[in-house]
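# Results of the structural survey
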Amino acid sequence: MDPVISQLAGLVLAGEAIDREGAMQLADVTGERLYDLFYWANRVRMARFGLSVTFCSIAAGRVGGCSEDCKFCAQSARHQTHIQAGPAATDAQLVAAAREAVRAGAGSFGIVNPGRSPSAKELAGLADSYRELAAVGSLRLCASLGCLTLDQARRLCAMGVRRYNHNLETSRRFYPSIVSTHAFDDRVNTLRNVKAAGMDICSGGIFNLGETWADRVDMAITLRELGAVMVPLNFLHPIPGTPLADRPAMPAMDVLKVVAIYRLLLPGAEIKLAGGRELNLRDLQSWMFYCGATSAMVGNYLTTCGRPTEQDQAMVRDLGLTLRNEHQP
Ligand code: SF4
């Protein structure tokens, strides 16, 4: 067993945190040492979460027409993509999506809207939507609506939203290469407002944008400092018309290495595989849990299709894992 990885994992199992220097040692792991890294990521996952995993599901409140310029995103109005701005989903459509999420075994369900931040009218309209969604039952209600002030965060919390997603996307250092219309600190401040309002932080990022392993490590450390309880990991699904359309897929072993490093750096957080997992992990889907993930986004993503939820349910069953839902009555 690799002595460096064993020593760092031992720290985590003893309740201590791996510092940046140790994290960069994990980032240097390649070849057959990766299998030692995965072994320890699984040990850490089992120590904290046992055999249970969770599913999350999302629905678009509306799509497209976003004012921002995130280079990976199909919904930016600044890129010529196949996504056109469309009308808002009705409450009946959102409730149908939430019922489908329950059938799929999801414990959390979020409304996701593009844009820098929600308008006053949009926020007011969401109160009715969340009231209807609460009646579906057995779902943690989540939202992802862009940057929030403290007042907006409090209003969402009062509507019953318990977890708010706002991804950092990448490291502070690399962020200006990916987004120019709002700052990294706008995102950090939103997460602080979310926490101050009493909601849980769901925040992660997207990989294979051209970032280095140091950027990947630094984003994990920032998320740890901010207190993220759910960390969605997205892997670029290149969209024609975006500036990153021609990037090749990420090697599947690099995807698993990201998952394992995040497990060791964020041992108490749920690590969720989200957008791009099918494209980038290909045949290695089921390895995500052994490498430290505790959660998966199921169903369709906002602008790309996921695989049938029955396949994800079968994968969990076949691995001897159980689906956890804290919101089951
Ligand atoms: S990631 Fe969000 S903020 Fe950025 S362009 Fe897409 S919808 Fe807009």
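An account of the accompanying structure is given in this report. Residue numbers run consecutively from 1 along every chain, following the written order of its sequence. It should be noted that, the model being predicted, local features are given only for residues of pLDDT at least 70 and side-chain atom pairs only at 80 or more, the latter also being counted only at that level, while totals for whole chains, interfaces and linings use all residues. Excluded from the side-chain calculations are hydrogens and water; all other atoms, namely the structure's heavy atoms, are used.

## Quick word on the pairing of strand S1 (residues 52-60)
Note the following rule: A simple rule labels every residue: compare its accessible area, found with a 1.4 Å probe on the protein chains alone, to the largest value its type can have, and call it buried under 20%, exposed over 50%, or partly exposed in between. Where helices and strands are cited, they refer to DSSP runs of H or I of at least four residues and of E of at least two residues respectively, numbered from the N terminus. At least two bridges found by DSSP between two strands are what make those strands a pair.
In terms of burial, S1 is largely enclosed, as seven of its nine residues are buried. In the sheet, S1 pairs with strand S10 (residues 322-323) via two bridges, with the strands oriented parallel. Its bridge partner being in S10, Ser52 is matched across the sheet by Thr322. The pairing of S1 with strand S9 (residues 295-297) spans three bridges and is classified as parallel. The partner of Cys56 across the bridge, within S9, is Met297. Taken together, the five bridges between S1 and strand S2 (residues 108-112) define a ladder with parallel strand orientation. Opposite Ala60, over in S2, you have Val112 as the bridge partner.

## Thoughts on the site of the ligand
Cut-off, in case you're wondering: A single heavy atom is enough: if one lies within 4 Å of a molecule or strand, its residue is considered near that molecule or strand. Note on residue classes: Ala, Val, Leu, Ile, Met, Phe, Trp, Tyr, Cys and Pro are nonpolar, Asp, Glu, Lys and Arg are charged, and everything else, Gly too, is polar.
For the ligand, the full set of nearby residues is Cys66, Glu68, Cys70, Phe72, Cys73, Ser76 and Pro114. Looking at the shell around the ligand residue by residue, the classes come out as five nonpolar, one polar and one charged.

## Quick notes on the packing of aromatic side chains
Here is the rule: Two aromatic rings, drawn from Phe, Tyr or Trp (for Trp, its six-membered ring), form a pair once their centres lie within 6.5 Å of each other, and the interplanar angle then sorts them: stacked below 30 degrees, edge-to-face above 60, tilted otherwise. By the criterion adopted, a ring carries a charge over it if an Arg CZ or a Lys NZ lies within 6 Å of its centre and within 35 degrees of its normal.
Inspection of the entire model under this criterion finds eight aromatic pairs. Ring geometry for Tyr35 versus Phe38: centroids 5.9 Å apart, planes at 70 degrees, classification edge-to-face. Of this pair, Tyr35 and Phe38 are both found in helix H3 (residues 33-49), three residues apart, which corresponds to roughly one turn of the helix. Here the aromatic residues Tyr35, Phe38, Trp287 and Tyr290 are joined through ring pairs into a cluster of three or more. Sitting over the ring of Phe49, Arg48 keeps its end group 4.6 Å from the ring centre.

## Brief notes about the nonpolar core
Defined as follows: In plain words, nonpolar cores are sets of buried Ala, Val, Leu, Ile, Met, Phe, Trp, Tyr and Cys residues tied together by side-chain atoms within 4.5 Å. Any two residues whose heavy atoms approach within 4.5 Å are treated as being in contact.
By size, the foremost hydrophobic cluster in this structure holds 95 residues, and its most contacted members are Leu37, Tyr130, Leu156 and Tyr262. Element by element, the count of residues in this core is highest for helix H9 (residues 252-265), at 10 residues. Aside from chain neighbours lying at most four places away, what touches Tyr262 is Phe207, Arg216, Met219, Ala220, Leu223, Val231, Leu233 and Ile271.

## A word on the pairing of strand S8 (residues 270-273)
A two-sided burial pattern is seen for S8, the buried positions comprising Glu270 and Lys272 on one face and Ile271 and Leu273 on the other. The pairing of strand S7 (residues 230-235) with S8 spans four bridges and is parallel. Each residue of the ladder has a partner; that of Leu233, found in S8, is Leu273.

## A few points about the side chain of His79
Note the cut-off: Throughout this description, a polar contact denotes any pair of N or O atoms lying within 3.5 Å of each other; where both atoms belong to protein, one of them has to be capable of donating a hydrogen while the other can accept it, and for residues adjacent in sequence the pair is counted only when both atoms sit in side chains.
Structurally, His79 can be placed in the loop between S1 and helix H4 (91-104). Overall, the relative accessible area of 11% leaves His79 in the buried class. There is a polar contact of 3.0 Å between the side chain of His79 and the backbone oxygen of Cys70. Not counting residues within four places of it along the chain, the set of residues in contact with His79 comprises Asp69, Cys70, Lys71, Cys73, Gly241, Thr242 and Pro243.

## Focus: unusual backbone geometry
Positive phi is not limited to glycine here, since Ser138 has a value of about 55 degrees. Structurally, the position occupied by Ser138 is in the loop between helix H5 (120-136) and strand S3 (140-144). With relative accessibility at 15%, the residue Ser138 sits in the buried group. One non-glycine residue, Glu169, lies in positive phi territory at about 80 degrees. Structurally, Glu169 is set in the loop between strand S4 (163-165) and helix H7 (184-197).

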